[in-house]
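# Descriptive analysis of the structure
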Amino acid sequence: MRLLTVGIVLTIVLAIISLFVGVSDVSLGALLSSSAEDRPMQVLVMSRIPRTLAILLAGSSLAIAGLVMQMIVRNRFVEPSTAGTTESATLGFLVVTLLAPGWPLMAKMIVAAMFALAGTALFLRILRFVPLRDVLLVPLVGIMLGGVIGAVTSFFAYRFNLLPSLLAWSMGDFSGVLRGRYELLWFGLAGTIMAYIAADRFTVAGMGEDFTTNLGLNYKRVMTLGLIIVSIVSAVVLVSVGSIPFLGLIVPNVVSLMVGDNMRRTVPWVAVLGAAFVLACDIVGRIVRFPYEIPISVVVGVIGSGLFLYLLLRKRHNAA
Amino acid sequence: MLRNLRWSRPTIVLAVLALVALISVVCFMTLGARGSWDFIIPFRGRKLLGLVLVAYAIAISTVLFQTVTNNRILTPSIMGFDALYILVQTAIVFFLGPQMLSLMNPYAQFGMEVVLMIGFSWLLFQWLFLSEGRSLHLLVLVGIVFGIFFRSLSNFMQRLLDPNAFQVLQDSFFASFSTIDTTLLGVALGVVVVVTLVLWRMGHTFDVLSLGRDTAINLGVEYKRSVVIILVMVSILVSVSTALVGPITFFGLLVASLAHGLVGTSKHKYILPAAALLGVIALVGGQTVFERVFEFDTALSIIVEFLGGLVFIILILRGAAR
């Protein structure tokens, strides 16, 4: 518990740093001496605070989505970007942008979430053909399924001359976050809270269908709830900031090494560490090539795939 | 059953494939041609040469890589080799600086890239394959994640170099068969010819190598030496194809699986030419169809990725069911 407090304090410190990093000068002195209409204050309210909030929300909810997914698929190595979920959400967003460009963002997000749900359901369906549930085969099939869905998406994007915008959406990047453009991410917080409330159910569901039914829980219903949380979070993050690969894989695995697999205990950890990790990566991305920015998905991609390799090649991988 | 044994199934398949390949080449050169032939022949000829070289390089490198690793699912590009080439390319620019590079001859640069590529892919191979007790699925997954890692790392370095050139940098991650880098065509041709000669001289060992390490050693093949040579050649071929068109993950897998399915034997005498011819048919024929009939341009690489991904999922699920 004390450690968790340290984690929370660390996240708050990072969040405060994040408020003051950027091209436009926003220092504490400038803020105190300026009135509400001045430039530093405006930058803070319009850009920095929304950006930091978006990072906190996206980071924690994506990490939670990964955790939920790992529980219901019963595999350590799945998360939205290794199960075709992110790619399906991208396809859905592209389809709705093509067919109904005038719809509000909220409606587009719902369509993307439906596609994400369908894509994840397809993934689970394919997994039924994997008889022994080979631990490594599951993410392998997921990544490939994502590749196939991604090819369909780029085909249509190419056909309708949307390839550059597709690349822009799917590249996770917080630099475009302003007030009024991130609020959908609060749905991610709702997902996190839902995951916390249903944590015990997911823990039980993680032990298998027979065990769950024995304990008097409706296995199907728990699975559906989990899938809905994962799909909504993936769609919301994709629509607001783009995709952030491997986040949902790295954070829950690190937490599971630290505190084990009881989801009631791991949910707060995963949420806090997810937020802190994305904050740190975003700050790095903003500082390395100052005054330019390196998008978060590139930074997380390097660190995330590196850590994933480490998890895979550890001598004794005690995978699920 | 065919009475005449000289016309066995593999021979017929090869003959048919050669014919189809020839037809696609002719169509590629002639369809929709307007204007003077003096212009068209060198213009399309150069593109054709590029496509044929890429098809050949990918097909041969994939089949031989599968022979060495003793496996029909692994291919150099699935193991991240072409992403590695892009990383090497980026790293050279990153550490030497763009100014230094503009002074350098493109051939010298390509040579340096190939040498580094051979070194790194050998290390990667050594590390992944020669340590004991790693399952196939772990290897494939690690290879794929290595690919993602190399790609993110090159992306990161390219952004450090020039944050504004976003669009330009995206190009190097997206394969395109319609814009082939023609400056390297000559040297690529030379390299491919040399590689072919080297492989030709050791061709008799391929069938034995595909029986596995222990059997190959028992039958008197210098296992380690042969594997090293083949791997070096594979790295060179991957460098050639990636330098010409960019990374294509599944083309090799597609071509090699089709070749195995059509020819029905695993003798390299038949598999290698069949894979190369299939590659030519897919690239030249496909490009003709897309350019002339549907008027799409880069769509071919997207469709190759789509089909290849499906084939991969099917192969791996079938393997799991067994």
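The residue numbers shown here count from 1 along each chain, following its written sequence. The naming scheme follows written order: chains are lettered A onward, ligands numbered 1 onward. Given that the model is predicted, a residue must reach a pLDDT of at least 70 before its local features are reported, and side-chain atom pairs must reach 80 or more before they are shown or counted; all residues, however, enter totals for whole chains, interfaces and linings. Side-chain measures here rest on the full set of heavy atoms in the structure, leaving out hydrogens and waters.

## Quick notes on unusual backbone geometry
- Within the chain, F246(A) stands out as a residue other than glycine whose phi angle is a positive 65 degrees.
- Each helix is a run of DSSP H or I of at least 4 residues and each strand a run of E of at least 2, with the numbering of both proceeding from the N terminus. One can find F246(A) in the loop between α11 (219-240) and α12 (247-259).
- For the exposure calls, accessible area comes from a 1.4 Å probe over protein chains only, and a residue counts as buried if that area is under 20% of its type's maximum, exposed if over 50%, partly exposed in between. Of the residues examined, F246(A) reaches a relative accessible area of 3% and is grouped as buried.
- The backbone of N70(B) sits at a positive phi, close to 65 degrees, despite the residue not being glycine.
- As for its placement among the helices and strands, N70(B) is situated in the loop between α2 (37-69) and α3 (81-96).
- N70(B) gets classed as partly exposed once you look at its relative accessible area, which sits at 42%.

## Examining a nonpolar patch on the surface
All names here are of chain A.
- On the surface, a nonpolar cluster with roughly 580 Å² of combined accessible area is contributed by I8, I12, I16, F20, L28 and L32.
- Elements that contribute at least two residues to the nonpolar patch include exactly α1 (2-20) and α2 (28-33).
- You can see L28 is positioned in helix α2. Residues enter patches when their relative accessible area tops 30% and they take part in no salt bridge; the joining distance is 9 Å for like charges and 5 Å for the nonpolar side chains Val, Leu, Ile, Met, Phe, Trp and Tyr. Calculation of accessible area relied on Shrake-Rupley with a 1.4 Å probe; when residues are assessed, cover is drawn exclusively from the protein chains displayed. Salt bridges are defined as contacts in which a side-chain nitrogen from Lys or Arg sits within 4 Å of a carboxyl oxygen from Asp or Glu.

## Description of the interface of chain B and chain A
- Contacts are residue-level and defined by heavy atoms, with any inter-residue pair within 4.5 Å sufficient. With 43 residues of chain B in contact, the opposing surface of chain A contributes 40 residues.
- Of the roughly 3,800 Å² buried where chain B meets chain A, counting both sides, 84% is carbon and sulfur surface.
- At the boundary of chain B and chain A, one finds zero salt bridges.
- Mapped onto the side of chain B that touches chain A, the elements with two or more residues apiece are α6 (136-161), α7 (166-171) and α14 (299-321) of chain B.
- Ranked by residues supplied to the side of chain B that touches chain A, first place goes to α6(B) with 17 residues.
- Classification convention: Asp, Glu, Lys, Arg as charged; Ala, Val, Leu, Ile, Met, Phe, Trp, Tyr, Cys, Pro as nonpolar; all other residues, Gly among them, as polar. Residues belonging to the side of chain B that touches chain A are distributed by class as follows: 30 nonpolar, nine polar and four charged. Throughout, the accessible surface (probe 1.4 Å) given up by two parts as they are put together, summed over both, is called the buried area.

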